[in-house]
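Structural features, examined
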Amino acid sequence: ELLVSPTACHARTNVMFLKTHKTASSTVLNIMFRFVERYNLTVALPANHLFHLGYPETFLASFVEEFQAIGQNYNIMCNHLRFNPSEVQKVMAENTFYFSILRNPIPLLESSYTYYKHHVPAFRNSKDVNEYLASPMKFYHQEDHEQNIYARNIMWFDFGYDNNAEDNKSYIQEVLSEVERNFHLILIADYFDESMILLKHVLCWDLDDVIYFKLNSRSQDTIQTLTAESKERIKTWCSLDWQLYLHFNQTFWRRIEETIGLEELEKEVNHLRMRQKELMETCLLSQEAVRKEHIKDKALLPFQSGAANILGYNLKQGLDNRTLKTCQKMVMPELQYMAYLYSVQHPHKRKKQLGLPLSWTSFQEK
């Protein structure tokens with residue numbers, strides 16, 4: 001008979017992911033949604049016509065569809081929300097695993113600038129990202145602070161804190177400790193593959209559970225080059241995010257050394273990349289993401305925002321049904337995937353109106 005190795009473990013299926021902005025979190029969301037389907041789990045989805053869990057309002061349990069009826073019996077929660085631990089705990093089981101992801105605030109701010117250019121007054125009123133950073137206070141006005149959340153310390157805000165708070169040592173220490181108490185794991189977007197391997201280990205998932213195609217990325221020509229001065233200014237302008245990032249970048253690498261070790265990590269990252277390449281060759285017409293105007297199946301068109309050209313994928317023709325299903329789910333943009341899961345989980349509710357030419361039927365056949 002087979003001896004069960006002492007490291008054999010069960011996949012964790014009660015998981016809460018705090019989805020942060022412009023941190024590769026759409027890719028993580030896709031991983032979570034595919035996991036939901038693999039294990040036939042329930043997701044805490046946004047109620048009624050909403051596409052996120054009340055964001056940017058501070059989260060309340062009532063923002064979740066059928067919370068009254070389902071109570072704490074959701075397995076997975078992963079749509080955008082502004083973190084509020086006491087309300088999230090009303091929705092999620094006691095043994096839930098909590099994780100999130102952070103990104104270096106320097107590339108993060110440039111990404112936000114392009115993506116939210118037309119929505120955020122501070123960005124809209126400045127010519128480009130370097131002009132904005134040269135004197136942020138010229139463009140960032142207190143009376144617009146609710147529309148300006150993306151323009152300063154957005155990660156701090158997503159975690160539920162005041163993104164305009166004074167940078168003071170004891171306050172920052174207090175917040176860092178609180179984040180450590182609330183979350184079991186914080187991943188780092190700048191080391192995304194390493195993050196996926198760590199996540200797989202900690203949750204006892206399979207490699208295929210964390211394989212991904214990069215989603216919601218934008219075309220190179222919409223990326224603005226930050227000057228050296230701008231990069232330095234971000235560290236002070238977004239000093240709360242900067243300290244959050246520095247702290248959890250350290251805990252991330254410490255966690256890897258304690259659990260996997262760097263050597264094993266490198267092996268597994270290579271394995272992940274090989275498997276990803278294999279799947280891309282199976283699924284995709286061209287091996288990379290394409291601009292919005294080149295996406296043939298409009299049902300797979302990602303939501304477009306600001307001055308960014310959000311890329312998507314074209315699938316190969318003539319895939320067998322099972323492969324097609326897998327490939328479709330790997331490239332399905334988050335709004336479409338969320339709407340699809342919503343219609344499966346809440347069949348009696350009115351479907352989410354995406355305002356996209358959605359060919360539902362192509363995802364519907366079970």
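Please read all numbers here as calculations on a predicted model, not as lab measurements.

Disulfide: a covalent bond connecting the sulfur atoms of a pair of cysteines. Throughout the structure, instances matching the rule amount to two disulfides. Residue C9 pairs covalently with C204 via a disulfide, S to S 1.9 Å. Judged by the sign of its S-S torsion, about 95°, the cystine formed by C9 and C204 is right-handed. With C9 in the segment before β1 (15-18) and C204 in the loop between α10 (192-203) and α11 (207-210), this pair connects stretches of sequence that are 195 residues apart. Judged by relative accessible area, which is 48%, C9 ranks as partly exposed. A disulfide bridge connects C283 with C327, and the sulfur atoms are separated by 2.0 Å. Linking C283 and C327, the disulfide has an S-S dihedral of approximately -75° and is accordingly described as left-handed. With C283 in helix α14 (residues 262-283) and C327 in helix α15 (residues 321-331), this pair connects stretches of sequence that are 44 residues apart. The exposure class of C327 is buried, given its relative accessible area of 1%. If you count the bonded cysteines of the chain from the N-terminus, they pair up as 1-2, 3-4.

Another point: the confidence of the model for the chain. Confidence in the prediction for the chain averages 94 pLDDT; 95% of positions are at 70 or higher. Low confidence marks residues 357-366, where pLDDT is under 50. Its contacts with residues over four positions away, or in another chain, come to 26 contacts.

When you tally the buried positions in helix α4 (residues 105-115), you get ten out of eleven residues, the bulk of the element. Within the span of α4, buried status applies to P105, I106, L108, L109, E110, S111, S112, Y113, T114 and Y115. As for α4, its buried residues are in contact with α5 (121-124), α6 (129-134), α8 (154-158), α12 (228-237) and α13 (239-259).

This next bit is on the environment of A47. Mapped onto the secondary structure, A47 falls in the loop between α1 (25-39) and α2 (67-70). On a C-alpha basis, the gap between A47 and S62 in space is 8.0 Å, while along the polypeptide they are 15 residues apart. Once residues lying within four places of it in the same chain are set aside, the contact partners of A47 are S62, F63, V64, E65 and K352.

Further remarks concern the packing of aromatic side chains. Under the criterion given, the structure shown has 27 aromatic pairs. Their ring planes at 80° and their centres at 5.0 Å tell us that Y191 and W253 sit as a pair that is edge-to-face. In this pair, Y191 is assigned in the loop between β4 (185-188) and α10 and W253 in helix α13, connecting sequence segments 62 residues apart. Using a relative accessible area of 32% as the deciding quantity, one classes Y191 as partly exposed. Classification of W253 by relative accessible area gives partly exposed; the value is 24%. Measuring from centroid to centroid gives 5.1 Å for F252 and W253, while their planes differ by 85°, and the two rings are edge-to-face. One aromatic cluster in this structure is built from Y113, F123, Y132, F139, Y140 and W237. The ring of Y115 carries the charged tip of K22 above its face, separated from the ring centre by 3.4 Å.

Rules used throughout
Residues numbered from 1 in each chain as written. Predicted model: local features only at pLDDT ≥ 70, side-chain atom pairs only at ≥ 80, totals over all residues. Heavy atoms only, no water. Disulfide = S-S within 2.5 Å. Helix = DSSP H or I, 4+ residues; strand = E, 2+ residues; numbered from the N terminus. Buried < 20%, exposed > 50% of the residue type's maximum accessible area, 1.4 Å probe, protein only. pLDDT = per-residue confidence, 0-100. Contact = heavy atoms within 4.5 Å. Phe/Tyr/Trp six-rings, centres within 6.5 Å; stacked < 30°, edge-to-face > 60°. Lys NZ or Arg CZ within 6 Å of the ring centre and 35° of its normal.

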